[in-house]
Amino acid sequence: SDAVRGKMIVIRTDDGEHWSAVSPDGMPAAMPGEGSPAAGGTCLIVQGQQRAWFATEPVARVYRSADRGEHWSVVTTPIVSGENTGVATLAFRDGNHGMALGGRLLKPDDKSDSVAAVTSDGGDTWTLVRRPTFSGAAYWAVGCSSRGGCWAVGPGGRISRIFFAQR
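### Remarks on the overall build of the chain
Next up, step 1: A tally of regular secondary structure across the chain gives zero helices and 13 strands.
Next up, step 2: Seen in sequence order, the chain has helices and strands lined up from the N terminus as β-β-β-β-β-β-β-β-β-β-β-β-β.
Next up, step 3: Over its C-alpha atoms the chain spans a radius of gyration of 15 Å, differing by no more than 12% from the 15 Å that the globule rule assigns to 167 residues.
Next up, step 4: Taking the principal axes of the C-alpha coordinates as reference, the chain spans close to 40 × 35 × 30 Å.
Next up, step 5: Relative to its full complement of 167 residues, the chain shows a buried share of 44%.
Next up, step 6: Pairs at least 24 residues apart make up 46% of the contacts formed inside the chain by residues separated by at least 6 positions.

Below is the structure:
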């Protein structure tokens, strides 16, 4: 959702039927206008019982938790920020190696480089990598392989593999 009263909202379940809000005390302050892009369904990633990450726009940030959402840290990625921009999707192959994708979400012909970033430290730092082969933003990340890349989907359903190697 969008931030409410200056904080992002997180809810969780232990049984899949009963949901409750996590205390906002462990959540860093949100930036003005910050929200999480739920349309693609991949702005929130969980791994195991403890780790979770979620992406935001228009400030291209990634929040992460290692304790079931009780406490969060947040970092700004090098993906383009501003109106109609940000991180739209995340994918992780393990607890350390992940990819954030996004860009200028309403410009399908955009070919700027700031649309894909990787982390090798669980999301503490992010580094730009070569953009997908298609123009426009990357809307979905579809899994990462142990061989070092993720599949990204962009405007018109175009697909590209992006590698973890830095540019």
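### With respect to the pattern of salt bridges
Next up, step 1: Considering all chains together, one arrives at six salt bridges under this definition.
Next up, step 2: Between Arg-68 and Asp-14 there is a salt bridge, and its shortest N-O distance comes to 2.3 Å. Note that Arg-68 is positioned in the loop between β5 (61–65) and β6 (73–76) and Asp-14 in the loop between β1 (11–13) and β2 (19–21), a separation of 54 residues in sequence.
Next up, step 3: Residue Arg-68 is classed as partly exposed on the basis of its relative accessible area of 28%.
Next up, step 4: For Asp-14, a relative accessible area of 67% corresponds to the exposed category.

### Some words on the sheet that holds strand β4 (residues 51–55)
Next up, step 1: Strand order in this open sheet of four strands is β3-β4-β5-β6, and the pairing throughout is antiparallel. Two strands close off the open sheet at either side, each with one partner strand: β3 (44–47) and β6. Across the sheet, the axes of successive neighbouring strands diverge by a mean angle of 15°, strand direction being ignored.
Next up, step 2: Examined bridge by bridge, β3 and β4 share four bridges and lie antiparallel to one another. Among the inter-strand pairings, Leu-44 is bridged to a residue of β4, identified as Phe-54.

Conventions adopted
- Residues numbered from 1 in each chain as written.
- Predicted model: local features only at pLDDT ≥ 70, side-chain atom pairs only at ≥ 80, totals over all residues.
- Heavy atoms only, no water.
- Helix = DSSP H or I, 4+ residues; strand = E, 2+ residues; numbered from the N terminus.
- Rg over C-alpha atoms; globule rule 2.2 N^0.38 Å.
- Buried < 20%, exposed > 50% of the residue type's maximum accessible area, 1.4 Å probe, protein only.
- Contact = heavy atoms within 4.5 Å.
- Salt bridge = Lys/Arg side-chain N within 4 Å of Asp/Glu carboxyl O.
- Pairing = 2+ DSSP bridges.
- Axes fitted to C-alpha atoms, helices over the stretch in contact; angles between N-to-C directions.

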